[in-house]
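# Overview (structure and organization)
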Amino acid sequence: MDKPLCQEGSFTDQFLGSVLRSYAIVYFSQRRWIGALFLCATMLVPEIGVCGLLGVLVAITVAHILHFHPEAVSNGSYLFNSLLVSLFAGYLGQSQELAYSNVAAMVVICSLLSLFLTVFLSGILHDNFGLPSLSIPSLLVILVTYKFLEISTGSNTFELGLAPQLPLVPEVISSYFSCLGAIFFLPRPEVGLILFACWLVESRMIVVYSITGYLCGLLSALLLIGMPEGTMLIELGLNWILCGIALGCVFFIPSVSSIGVVALGASFATFASFTYRAWMDVDHDVLPPIAIGFNVVVPILIYAMRKRMRATYVFGTPFFVGSPEQNYRQFWLYKARFPDWGLPSVHPPFVGERLVTQGFDGELTHQGDYEYGLDFEVVDEAGQSHGGDGSLLDNFYTFNTPVLAPDHATVVTTVNNIPDREIGSQNLSQNWGNLVILYLDSGSYTALCHLRKGSIIVKQGERVEPGQTLATCGNSGRSPVPHLHLQLQYGASIGAASIPFRLRHYLERNGSRHEYIYQGVPDEGARVEPAVFDDAVEAFFDDIPAKTFVYEVNQGDHSWKETIHCEVNEAGEYVMWSERFRARLKAVIHDHVFYMQEFEGNRRSVLCWFWLGLSRVPFVSDHRVQWSDSASTHPLLHLPGKILMDLWTPLGRDPHLRISGDIRLGGKLGERRLQVSTTLESKVGNWMFRQSRPCHVEVSLDANEWVVQGRVKLARGEIQFRRTGVESLFD
């Protein structure tokens with residue numbers, strides 16, 4: 001089971017967490033303490049705050065009774081619209097001096113209507129368009145409720161009751177804080193100051209982009225309608241701020257380019273909000289500030305940006321792991337660790353080392369529709385592709401070598417009867433020569449061309465596995481010398497246009513060492529070979545026991561003991577945690593590679609050194625092999641360093657730790673030891689690290705009890721740790 005640092009175990013804890021997150025998520029947070037402060041801020045006007053709380057309690061109760069999606073209830077996404085309409089009902093009750101019973105009935109009805117509308121719209125928008133419903137449900141219920149009261153009471157004027165401006169502060173600045181509170185129908189500077197203080201602690205990016213949105217919107221208003229004042233400024237400012245946060249750092253990765261999207265969104269929101277008021281002939285004294293522009297503009301921009309043929313400059317947020325800062329770091333770290341994510345990839349279709357004689361965009365034949373192709377030949381240490389005088393096919397080392405299936409696939413087409421050409425001649429009328437076209441299980445087609453006549457041993461419709469022999473290399477078609485041509489293509493027809501792809505799990509020679517590459521494109525002239533995985537290495541990682549490990553740690557004159565708990569969660573991830581340092585680490589095995597995923601907590605924990613020392617370990621035992629990886633510097637920095645990093649990195653890129661590692665497998669059978677060494681490099685100044693910067697990590701493992709001992713070299717000093725005890729979690 002996945003053990004969080006602070007586990008919500010009881011129903012009461014879960015219920016309270018849902019309530020608090022329904023407040024926090026209004027401004028895109030999941031922190032319970034922020035939700036608690038937001039709740040307290042609404043209680044500055046008890047008549048409104050109590051209604052909001054009542055609406056949330058009603059919605060969460062009904063959601064549990066009806067068994068709505070538990071995660072959507074727990075994180076508040078099904079509840080916050082009920083909160084907003086209930087606050088609006090409380091605002092109307094106060095401004096109209098309605099009876100408590102009428103207000104309570106309105107809160108219950110509006111809260112439940114908003115809940116069901118949220119479930120309905122979330123399903124439609126997310127399932128069909130991949131869009132968030134935002135506060136559209138509460139906005140619709142607010143408009144319906146306003147019309148209902150106008151008809152039932154015969155009044156269409158409600159006092160907004162703006163609070164006084166902050167003393168000695170210009171209206172445009174004081175109004176910024178009032179706008180923050182307007183989302184809770186409390187356009188008061190003191191409410192906004194509470195929310196602003198929460199942001200300063202939780203997310204400086206939200207502060208920056210909320211101000212950016214406000215300023216961009218203000219500029220657009222000056223150009224379109226002149227300087228807004230009073231309640232008009234509050235409503236427009238509310239929309240500007242929400243657009244700034246949503247478009248600048250929530251639904252898009254924060255960057256200089258995302259400021260351009262914020263400027264567009266704020267300008268569109270000005271246009272939409274002002275036009276709505278004029279078109280519907282609804283004055284700002286009749287209906288309080290609402291987020292019309294935000295709810296119209298943000299879904300349009302998100303959807304439109306997703307329809308680009310290629311994502312450049314501005315990147316959508318592919319996953320939400322926490323605050324905008326966390327999403328930003330995770331995005332760029334994933335891009336650094338897996339730079340070619342999303343592209344199809346295949347294993348090298350051969351054994352042994354090959355020279356890439358023509359790569360992507362090769363000047364000979366890899367042009368136009370056939371840009372994305374790779375040609376491979378066998379060469380000796382001197383770089384020669386043949387023995388003898390090179391006049392005969394049999395002189396060439398490539399000729400008659402096996403061609404393997406590059407992945408799980410189905411045979412679509414084979415051509416097996418084209419004669420092999422003499423050296424130097426070419427068959428231009430049958431350009432591709434003998435070939436096999438496969439339909440990969442991943443959904444792409446691949447072609448293996450210039451095969452030897454009569455060598456193909458698979459048939460159309462046959463299933464093949466990675467590494468299965470298909471044929472042998474030949475010299476058929478447009479092939480002056482024996483070589484293997486590999487490409488992925490749009491369709492099953494012979495000569496279909498090629499598409500971008502990557503090789504997976506290969507070694508590239510670099511002097512006396514070989515660089516392991518999980519996924520990439522070798523350059524022309526590179527020497528590559530398939531990575532060969534070793535079950536003996538995998539045995540150290542594929543069954544880490546669910547146990548409690550005790551380590552003794554020594555750093556200079558200080559020493560301490562730390563207990564590490566390890567389990568496997570429902571997703572098949574290893575979860576390790578330390579109660580002493582409130583540290584937590586996740587790891588996973590994927591496609592013959594062990595990956596460390598997430599570390600959080602105090603860097604004094606040995607989990608920090610597990611994270612850096614075993615960040616990525618391919619299951620290869622070849623002593624020539626080394627690999628590279630990246631890790632976030634953020635957990636290693638002191639608080640001022642983290643704040644500076646959060647503010648500075650959107651202007652460039654997150655400066656990661658560059659990790660290079662190698663492996664040594666030794667010991668006798670039954671007493672095997674695995675030694676993993678990693679070297680760490682960082683462009684971040686040493687003064688930003690909480691302690692001395694780590695430079696080198698060595699970790700020793702045994703097959704039965706995992707990490708045995710380790711050593712960490714720091715820029716100043718050294719840390720050593722060794723395991724002193726093991727206890728099963730199930731004893």
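Residues numbered from 1 in each chain as written. Predicted model: local features only at pLDDT ≥ 70, side-chain atom pairs only at ≥ 80, totals over all residues. Heavy atoms only, no water.

## Section: the layout of surface pockets
Taken as a whole, the second largest pocket encloses approximately 560 Å³ of empty space. Lining the second largest pocket are 20 residues, and of these A311, F315, F331, K335 and W341 lie nearest its centre. Listed by contribution, the elements that provide at least two residues to the lining of the second largest pocket are α13 (292-306) and α14 (324-337). With 3 residues, the top contributor of residues to the lining of the second largest pocket is α13. Of the residues that constitute the lining of the second largest pocket, the class distribution is 12 nonpolar, 3 polar and 5 charged. (1 Å grid on protein atoms, 1.4 Å probe; cavity = no way out; pocket = protein on both sides within 12 Å on 5 of 7 lines; lining within 4 Å. Points joined across faces, edges and corners; volume = space filled by probe spheres on them. Helix = DSSP H or I, 4+ residues; strand = E, 2+ residues; numbered from the N terminus. Nonpolar A, V, L, I, M, F, W, Y, C, P; charged D, E, K, R; others polar.)

## Let's talk about the nonpolar core
Grouped together as the largest cluster of nonpolar side chains are 106 residues, with contacts concentrated most on Y27, F38, L180, F184, W199 and V298. Among the elements that take part in this core, helix α11 (residues 230-250) stands out by supplying 13 residues, more than any other. Among all residues touching F38, those that are not within four sequence positions of it are Y23, A24, Y27, F184, L195, C198 and W199. Counting 62 residues, the second largest nonpolar core, distinct from the first, contains V606, V617, I663 and L680. (Core = buried A, V, L, I, M, F, W, Y, C linked by side-chain atoms within 4.5 Å. Buried < 20%, exposed > 50% of the residue type's maximum accessible area, 1.4 Å probe, protein only. Contact = heavy atoms within 4.5 Å.)

## Focus: α13
If you check α13, its first and last C-alpha atoms are 22 Å apart, about what 15 residues at 1.5 Å a residue would give, namely 21 Å. Those residues of α13 that fall on the buried side of the exposure criterion are I292, G293, F294, N295, V297, V298, P299, L301, I302 and M305. (Expected span 1.5 Å × (residues − 1).)

## Some thoughts on the confidence of the model for the protein chain
Confidence in the prediction of the protein chain, expressed as mean pLDDT, is 89, and 94% of residues score 70 or more. Here residues 1-8 is a poorly scored stretch, pLDDT under 50, and it has 25 contacts once near neighbours within four places are set aside; other chains count. (pLDDT = per-residue confidence, 0-100.)

## Concerning the pattern of salt bridges
Within the structure shown, the criterion is met by 20 salt bridges. The salt bridge partner of R31 is E202, with a shortest N-O separation of 3.1 Å. You can see R31 sitting in the loop between α1 (11-24) and α2 (32-42) and its partner E202 sitting in helix α9 (residues 189-202), a full 171 residues away along the chain. For D591, the salt bridge identified is with R504, shortest N-O distance 3.3 Å. Taken as a pair, D591 in the loop between β18 (583-590) and β19 (593-600) and R504 in strand β12 (residues 502-510) lie far apart in primary sequence, 87 residues in all. Looking at R504, the relative accessible area reads 9%, which means it is buried. The network of salt bridges with common partners includes E353, E381, R509 and R527. (Salt bridge = Lys/Arg side-chain N within 4 Å of Asp/Glu carboxyl O.)

## With respect to the environment of F350
Locating F350 in the fold gives a position in the loop between β1 (345-346) and β2 (354-358). C-alpha separation for the pair F350 and P402, spaced 52 residues apart in sequence, amounts to 6.5 Å. The residues contacting F350, other than those within four sequence positions of it, are F376, P402, L404, L484, V528, E529 and P530.

## What to know about the side chain of T678
For T678, the position within the fold is in strand β23 (residues 673-681). Polar side-chain contacts of T678 include one of 3.4 Å to the backbone oxygen of L612. If we ignore the near neighbours within four places in the chain, the residues touching T678 are L612, G613, I659, S660, G661, C695, H696 and V697. (Polar contact = N/O pair within 3.5 Å; in protein donor to acceptor, adjacent residues only side chain to side chain.)

## Quick notes on the packing of helix α10 (residues 204-224) against α14
Contact pair α10 / α14: the axes reach a minimum separation of 7 Å and the direction vectors enclose 105 degrees. Between α10 and α14, the crossing angle belongs to the class labelled roughly perpendicular. For the pair formed by α10 and α14, the contact residues are R204, M205 and I206 on the first element and P324, E325 and Y328 on the second. By residue class, the composition of the contact of α10 with α14 is 4 nonpolar, no polar and 2 charged. (Axes fitted to C-alpha atoms, helices over the stretch in contact; angles between N-to-C directions. Parallel < 35°, antiparallel > 145°, perpendicular 65-115°, else oblique.)

## With respect to helix α8 (residues 171-182)
Relative to the 16 Å expected for 12 residues at 1.5 Å per residue, α8 spans 15 Å between its end C-alpha atoms, a close match to the ideal helical length. Counted residue by residue, α8 has 9 buried out of 12 residues, so it is predominantly covered. Turning to α8, its buried residues are S174, S175, Y176, F177, S178, C179, L180, G181 and A182. The inward-facing, buried residues of α8 contact α9, α10 and α11.

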